[in-house]
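What follows is the residue order along each chain.
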Amino acid sequence: MADMRTPLKKVEGLGSARDGTIHFWRQRVTAIASIPLTLLFIGFLIAMNGAGYAEMRAALANPLVALLIALMLISALIHMRIGMQIIIEDYVHGDGGKLALLILNTFFTIIVGVVSLFALAKLAFGV
Amino acid sequence: MSHSHATRERPLSPHLTIYRPPITMTTSIVHRITGGALYFGTLLVAWWLTAAAGPQDYFEFVNGIFGSWIGQLVLFGYTWALLHHLLGGIRHLIWDTGAGLEKHTASKIAWANVVGSVVLTILVWVVGYMVRGG
Ligand code: HEM
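Residues numbered from 1 in each chain as written. Chains lettered and ligands numbered in written order. Predicted model: local features only at pLDDT ≥ 70, side-chain atom pairs only at ≥ 80, totals over all residues. Heavy atoms only, no water.

1. Some remarks on the nonpolar core
Line of reasoning, step 1. Formed by 35 residues in total, the largest nonpolar core has its most connected members in Phe44, Met56, Leu60, Ile69 and Leu73 of chain A together with Trp48 and Leu49 of chain B.
Line of reasoning, step 2. With 10 residues, helix 4 (residues 63–91) of chain A is the largest single contributor of residues to this core.
Line of reasoning, step 3. Not counting residues within four places of it along the chain, the set of residues in contact with Leu49 of chain B comprises Leu60, Ile69, Leu73, Ser116, Ala119, Leu120 and Leu123 of chain A. (Core = buried A, V, L, I, M, F, W, Y, C linked by side-chain atoms within 4.5 Å. Buried < 20%, exposed > 50% of the residue type's maximum accessible area, 1.4 Å probe, protein only. Helix = DSSP H or I, 4+ residues; strand = E, 2+ residues; numbered from the N terminus. Contact = heavy atoms within 4.5 Å.)

2. Some points on the site of the ligand
Line of reasoning, step 1. Taken together, 22 residues sit near the ligand, with Gln27, Arg28 and His79 of chain A together with Arg32 and His85 of chain B positioned nearest.
Line of reasoning, step 2. At the site occupied by the ligand, the surrounding residues belong to chains A and B.
Line of reasoning, step 3. Note that an oxygen atom of the ligand is positioned 2.5 Å from one of the side-chain N or O atoms of Arg32 of chain B.
Line of reasoning, step 4. Mapped onto the shell around the ligand, the elements with two or more residues apiece are helix 2 (22–48) and helix 4 of chain A together with helix 1 (23–53) and helix 3 (69–96) of chain B.
Line of reasoning, step 5. Of the residues assigned to the shell around the ligand, the class counts are nine nonpolar, 11 polar and two charged. (Near = heavy atom within 4 Å. Polar contact = N/O pair within 3.5 Å; in protein donor to acceptor, adjacent residues only side chain to side chain. Nonpolar A, V, L, I, M, F, W, Y, C, P; charged D, E, K, R; others polar.)

3. Some details on the interface of chain B and chain A
Line of reasoning, step 1. At the junction of the two partners, chain B supplies 34 residues and chain A supplies 39 residues.
Line of reasoning, step 2. Carbon and sulfur atoms supply 74% of the area that chain B and chain A bury against each other, a total of about 3,000 Å² over both sides.
Line of reasoning, step 3. Put simply, chain B and chain A have two salt bridges between them.
Line of reasoning, step 4. The salt bridge partner of Asp96 of chain B is Arg28 of chain A, with a shortest N-O separation of 2.9 Å.
Line of reasoning, step 5. Applying the counting rule to chain B against chain A returns 11 residue pairs in polar contact (both at pLDDT 80 or more).
Line of reasoning, step 6. Those elements giving two or more residues to the side of chain B that touches chain A turn out to be helix 1, helix 2 (56–67), helix 3 and helix 4 (103–133) of chain B.
Line of reasoning, step 7. For the side of chain B that touches chain A, the element with the highest residue contribution is helix 1 of chain B, accounting for 14 residues.
Line of reasoning, step 8. For the side of chain B that touches chain A, a count of residues per class yields 21 nonpolar, nine polar and four charged. (Buried area = accessible area lost by both parts, 1.4 Å probe. Salt bridge = Lys/Arg side-chain N within 4 Å of Asp/Glu carboxyl O.)

4. Things to note about the side chain of Thr121 of chain B
Line of reasoning, step 1. By secondary structure assignment, the location of Thr121 of chain B is in helix 4.
Line of reasoning, step 2. Residues contacting Thr121 of chain B, with those up to four places away along its chain left out, are Phe76, Thr79, Trp80 and Leu83 of chain B.

5. Considerations on the UniProt feature "transmembrane region" (unreviewed entry) in chain B
Line of reasoning, step 1. Cross-referencing UniProt, the feature "transmembrane region" (unreviewed entry) maps to residues 29–49, 69–88 and 109–131 of chain B in the present numbering.
Line of reasoning, step 2. Helix and strand shares over residues 109–131 of chain B are 100% and 0% respectively, and the end C-alpha atoms of the span are 32 Å apart. (UniProt positions renumbered as here; feature names shortened; annotations may be inferred.)

6. Quick look at the packing of aromatic side chains
To describe a pair of aromatic rings, you give the distance between the ring centres and the angle between the ring planes.
Line of reasoning, step 1. Tallied over the entire structure, the rule returns nine aromatic pairs over all chains.
Line of reasoning, step 2. For the ring pair Tyr53 of chain A and Phe59 of chain B, a centre distance of 5.3 Å and an interplane angle of 55° mean the geometry is tilted. You can see Tyr53 of chain A sitting in helix 3 (residues 53–61) and its partner Phe59 of chain B sitting in helix 2, one on each of two chains.
Line of reasoning, step 3. Residue Tyr53 of chain A is classed as buried on the basis of its relative accessible area of 13%.
Line of reasoning, step 4. With a relative accessible area of 1%, Phe59 of chain B lands in the buried category.
Line of reasoning, step 5. Pairing Trp47 of chain B with Phe66 of chain B gives two aromatic rings, centres 5.5 Å apart and planes at 80°, and the pair type is edge-to-face. In this pair, Trp47 of chain B sits in helix 1 while Phe66 of chain B sits in helix 2, placing the two residues 19 residues apart along the sequence.
Line of reasoning, step 6. Site record: aromatic cluster; members linked through ring pairs are Phe108 of chain A together with Tyr39 and Phe40 of chain B. (Phe/Tyr/Trp six-rings, centres within 6.5 Å; stacked < 30°, edge-to-face > 60°.)

Below, the structure written as structure tokens:
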């Protein structure tokens, strides 16, 4: 069968959705970043197990801890939003429902991110 | 045309009720389920951070829920989901290089994924409780 793509299309390599493999690639980059970051987070939780209010707040206000948790959150949130988009696109076929869920997916991700990062900032700057 | 009858029943294609899913199929589905669970699990992280940033009595309240037996059960499952997904993710990254796709190799890695996630989860909790005790 004749290839219907124009030479320009082939060079661009963006496909019909016009953004090529960027989701695939971002999913891999955030996966790689999430490996050490989530392992460090687990380590932090183990070390802090049983800590009380004051101790936990002091630990979370430590810049290194706060920055690493922030990085983990950002990496995981970008990663999970793409992942959930793939799941939605696989199982939801009606245009309306799909669109609604894709928008909810973005809202959910941003709200979780903003709430978490705000809490971290509040702990770090102590107001 | 001759009248030869089959002496044995002819094989049918694998049917859902007798089909034993290969381990790679199971881990593939579990990778998706754990990914979805971790997605909603971020709510627990956001809740916990908010509680730490808030007043003490609210922190103690949330701590009490996380520390209850049902809370601990959820967190135990959360740990397993994360570690299974993490190991499964490494498996995906290995596949992305083109390695580890041969049938028997893939099955072995899939089993390692399952066993590894369970062992690591138990390890995390044992160490966690030892830290708490000491
Ligand atoms: C800790 C390190 C992690 C690694 C190495 C990792 C790796 C991966 C990889 C490679 C995929 C793509 C699978 C595919 O192409 O089918 C994936 C999918 C996914 N991940 Fe992760 N991930 C990690 C953490 C997380 C976290 C923390 C979350 C959620 C908060 C998450 C949520 C998801 C979701 C929702 C999917 C989509 C599942 C699917 O399409 O079946 N992942 N992960």
